[in-house]
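# Structural characterization, general
Read off the chains here:
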Amino acid sequence: MSRKKEIETSGYKKDDVLTVDITDIGNDGEGIGKINGYTLFIKDAVIGDKVRAKVMKAKKNYAYAHLEEVISPSEYRISPKCPVARQCGGCQIQSMSYERQLEFKQSKVRNNIVRLGGFDAEFIDGLMQPIIGMEEPWEYRNKAQFPVGCNKEGNIVTGFYAGRSHNIIPMTSCYIGTKENETVMEIVKTHMEKNHVRPYDESTGKGLVRHVLIRKGFTSGEIMVCLVINYRTGSGKKQTSGASVEYITNQKELVERLSEIKGMSSISVSINTEKTNVIMGLEVHTIWGKDTISDTLCGLKFEISPLSFYQVNPVQTRKLYEQAIEYAALTGKETVWDLYCGIGTITLSMAKTAGRVYGIEVIPEAIEDAKRNAERNGISNAEFYCGKAEEVLPEFYEKKRKTAVGGDDGSSLNPDVIVVDPPRKGCDQVCLETMLKMQPERIVYVSCDSATLARDLRILSDGGYSLKAIRPCDMFPWTVHVETAVLLTKTN
Ligand code: SAH
């Protein structure tokens with residue numbers, strides 16, 4: 001093949017600068033434009049823009065290009081509120097109006113279910129309910145995890161990772177987080193500088209401070225700070241009496257300054273000496289205040305420890321749970337299983353209007369929290385099991401099935417409702433198969449990834465369940481993420 005021919009068939013090449021109309025939005029929020037059937041993916045370009053873009057990586061039929069200039073802006077284009085919106089990996093679509101983001105998320109969920117789940121488009125369109133948006137889509141996050149590192153000059157930087165990398169974009173304030181984050185991070189950074197406390201270096205495994213976790217109970221106003229540190233005792237012995245040990249030079253002074261912040265309730269350290277991307281270490285020592293902070297959600301009081309999963313957007317979580325509860329259609333008698341239950345937020349919200357509720361969760365601390373949360377709220381019809389849903393549920397099912405003959409009324413085996421709220425990878429196949437064996441009347445699927453949701457809905461649908469309603473919920477404004485609640489009912 002001649003050189004000329006090769007260029008023709010492979011479209012464009014690196015460094016080509018092109019003018020293109022943005023006509024679509026990709027799953028990661030990037031703008032998509034086409035020139036003679038050749039597709040360009042352009043980060044930060046907004047649907048409706050005409051842009052000049054430079055090809056960065058060219059393939060035969062498509063290329064990734066860098067936004068060089070907006071020639072004529074889209075009607076949906078807005079100025080990002082955050083000065084580092086383009087560099088930071090946290091928000092992907094701050095240049096898009098909030099209304100257009102909601103529209104994008106609604107169709108992202110719909111398209112994934114249709115295309116990846118193999119459902120009829122018209123059928124799905126008939127089930128889609130309008131996305132639940134936020135009235136005030138800023139300062140919504142109750143949790144932040146700031147990485148701490150060094151810049152090229154050797155100065156301490158804290159902030160957020162740039163997209164798809166571990167380069168820290170210096171930033172102590174963030175418009176989607178709470179105002180206190182900035183105060184905490186300034187105190188930590190100043191303390192480290194003054195006392196020559198080194199940040200952790202991923203390449204050498206040396207240095208002390210890795211991350212700072214900050215959480216705030218939006219209703220209680222209580223704040224928790226957890227410093228994730230790379231701490232080893234000289235002798236290599238495991239540290240047990242953590243509370244009496246100074247991990248950080250002049251720790252008392254640091255604690256004193258942090259504890260002066262209004263609402264500060266818990267200061268702890270988490271020990272993480274592994275070379276890993278996992279942020280938190282499993283060993284946590286409280287060094288000031290309480291072990292947990294409290295918060296109120298759906299009228300229930302929850303205690304949250306540094307390691308527990310707790311939804312990050314409490315305003316939207318309440319709306320999402322209310323939707324899930326409506327789908328569960330509880331009348332006071334029902335038996336409900338809540339798989340991937342975390343600290344029992346959905347389980348306990350449903351306990352009030354169900355006969356009996358069961359929760360399964362893999363993190364032991366979260367299960368301990370869930371049990372305490374049940375007690376604290378005077379809920380006695382909830383049971384929690386620790387382990388993987390795909391192991392605990394089949395085990396329970398097989399054991400109970402053998403012993404149930406004659407005695408048990410079978411309600412835990414054949415529940416009225418199963419709720420699932422899995423992490424992004426979705427439900428395990430064995431978990432789905434067991435759910436199908438248990439034949440609940442209704443399945444309520446709460447999902448944070450519509451691609452794995454689509455895959456699992458196909459399995460449940462083939463296994464005898466009908467999709468009845470789909471409701472996206474915007475838990476993460478300015479990012480491409482979207483939650484979805486789905487109702488399925490037993491077909492026969
Ligand atoms: N329903 C809860 C938590 C949802 S997040 C809430 O809304 O707050 C998903 C949860 O699933 C996390 O708590 C995570 O620890 C847990 N998890 C992850 N894999 C699991 C598995 N295989 N089995 C059970 N729980 C799991």
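Thresholds, definitions, all that
Residues numbered from 1 in each chain as written. Predicted model: local features only at pLDDT ≥ 70, side-chain atom pairs only at ≥ 80, totals over all residues. Heavy atoms only, no water. Near = heavy atom within 4 Å. Polar contact = N/O pair within 3.5 Å; in protein donor to acceptor, adjacent residues only side chain to side chain. Areas by Shrake-Rupley, 256 points an atom, 1.4 Å probe, with all protein chains shown as cover. Helix = DSSP H or I, 4+ residues; strand = E, 2+ residues; numbered from the N terminus. Nonpolar A, V, L, I, M, F, W, Y, C, P; charged D, E, K, R; others polar. Domains from an automatic or database assignment. Pairing = 2+ DSSP bridges. Axes fitted to C-alpha atoms, helices over the stretch in contact; angles between N-to-C directions. Buried < 20%, exposed > 50% of the residue type's maximum accessible area, 1.4 Å probe, protein only. Arc of directions from axis to C-beta. Contact = heavy atoms within 4.5 Å. Core = buried A, V, L, I, M, F, W, Y, C linked by side-chain atoms within 4.5 Å. Phe/Tyr/Trp six-rings, centres within 6.5 Å; stacked < 30°, edge-to-face > 60°. Lys NZ or Arg CZ within 6 Å of the ring centre and 35° of its normal. Salt bridge = Lys/Arg side-chain N within 4 Å of Asp/Glu carboxyl O.

Let us now look at the site of the ligand. In the vicinity of the ligand there are 17 residues, among which Gln311, Tyr321, Glu361, Ala389 and Asp421 approach most closely. Within the contact set of the ligand, a nitrogen atom lies 3.1 Å away from a backbone nitrogen or oxygen of tyrosine 340. Measuring from a nitrogen atom of the ligand, one finds a side-chain N or O atom of glutamate 390 at 3.1 Å. Its free accessible area being 570 Å², the ligand has 90% of it covered by the protein chains. Secondary structure elements with two or more residues in the shell around the ligand: α7 (345-351) and α9 (389-403). Its residues placed into classes, the shell around the ligand shows nine nonpolar, four polar and four charged.

Take the domain arrangement of the protein next. Per the domain assignment, the segments making up the protein are domain 1 (3-72), domain 2 (143-297) and domain 3 (313-490). Taking only C-alpha atoms, the centre of domain 2 and the centre of domain 3 are 33 Å apart.

The strand order across the open sheet built from seven strands is β17-β16-β15-β18-β19-β21-β20, with neighbouring strands paired in mixed fashion. What marks the edges here is a single partner per strand, and that holds for β17 (382-386) and β20 (465-473). Taking each pair of neighbouring strands and ignoring which way they run, the sheet shows an average axis angle of 15 degrees. Where strand β15 (residues 335-339) meets strand β16 (residues 356-361), five bridges bridge the pair, whose relative direction is parallel. The residue of β16 that forms the bridge with aspartate 338 is glycine 359.

With that settled, consider helix α5 (residues 251-259). Given 3.6 residues per turn, any residue in an α-helix points the same way as the ones three and four places further on. Residues Gln251, Leu254, Val255 and Leu258 constitute the buried set of α5. Projected down its long axis, α5 shows its buried positions confined to an angular sector of 95 degrees, all on one face. Opposite the buried face of α5, by more than 90 degrees, sit the exposed residues Lys252 and Glu256. Those residues of α5 that are buried are in contact with α4 (180-195), β10 (223-229), β11 (264-271) and β12 (283-289).

This brings us to the nonpolar core. By size, the foremost hydrophobic cluster in this structure holds 89 residues, and its most contacted members are Leu339 and Met435. The residue makeup of this core includes at least three contributed by each of domain 2 (143-297) and domain 3 (313-490).

A few words now on the sheet that holds strand β2 (residues 31-35). The mixed closed barrel is built from five strands, whose spatial order is β1-β2-β3-β5-β4. Taken pair by pair, the neighbouring strands of this sheet meet at an average axis angle of 50 degrees, ignoring direction. Summarising the sheet, strand β3 (residues 38-42) and strand β5 (residues 62-72) pair through four bridges and their orientation is parallel. Bridge pairing links isoleucine 42 to alanine 65 in β5.

This next bit is on the packing of aromatic side chains. Where two aromatic rings form a pair, the distance of their centres and the angle of their planes describe that pair. Tallied over the entire structure, the rule returns 14 aromatic pairs. Between tyrosine 12 and tyrosine 38, the aromatic rings sit 5.2 Å apart at their centres with planes inclined by 75 degrees, giving edge-to-face as the arrangement. Of the two residues, tyrosine 12 sits in the loop between α1 (3-9) and β1 (17-25) while tyrosine 38 sits in strand β3, which places them 26 residues apart along the sequence. The class of tyrosine 12 is partly exposed, set by a relative accessible area of 22%. Classification of tyrosine 38 as buried rests on a relative accessible area of 6%. A centroid spacing of 5.9 Å and a plane angle of 90 degrees characterise the contact between tyrosine 62 and tyrosine 64, whose relative ring orientation is edge-to-face. Aromatic rings pair up to connect Tyr98, Trp138, Tyr175 and Trp478 into one cluster. Cation over ring: arginine 210 sits above tyrosine 200, and NZ or CZ is 4.1 Å from the ring centre.

What follows covers the pattern of salt bridges. Tallied over the entire structure, the rule returns 24 salt bridges. Ionic pairing is found between arginine 318 and glutamate 322, a salt bridge with its closest N-O pair at 2.9 Å. Of this pair, arginine 318 and glutamate 322 both sit in helix α6 (residues 314-328), four residues apart, which is roughly one turn of the helix. Among the residues examined, arginine 318 registers a relative accessible area of 37% and is labelled partly exposed. Take glutamate 322: its relative accessible area is 40%, and that puts it in the partly exposed class. Measuring nitrogen to oxygen at the nearest pair gives 3.8 Å for the salt bridge that ties lysine 437 to glutamate 398. Of this pair, lysine 437 sits in helix α10 (residues 429-438) while glutamate 398 sits in helix α9, placing them 39 residues apart in sequence. Through salt bridges with shared partners, a single ionic network connects Lys43, Asp44 and Arg86.

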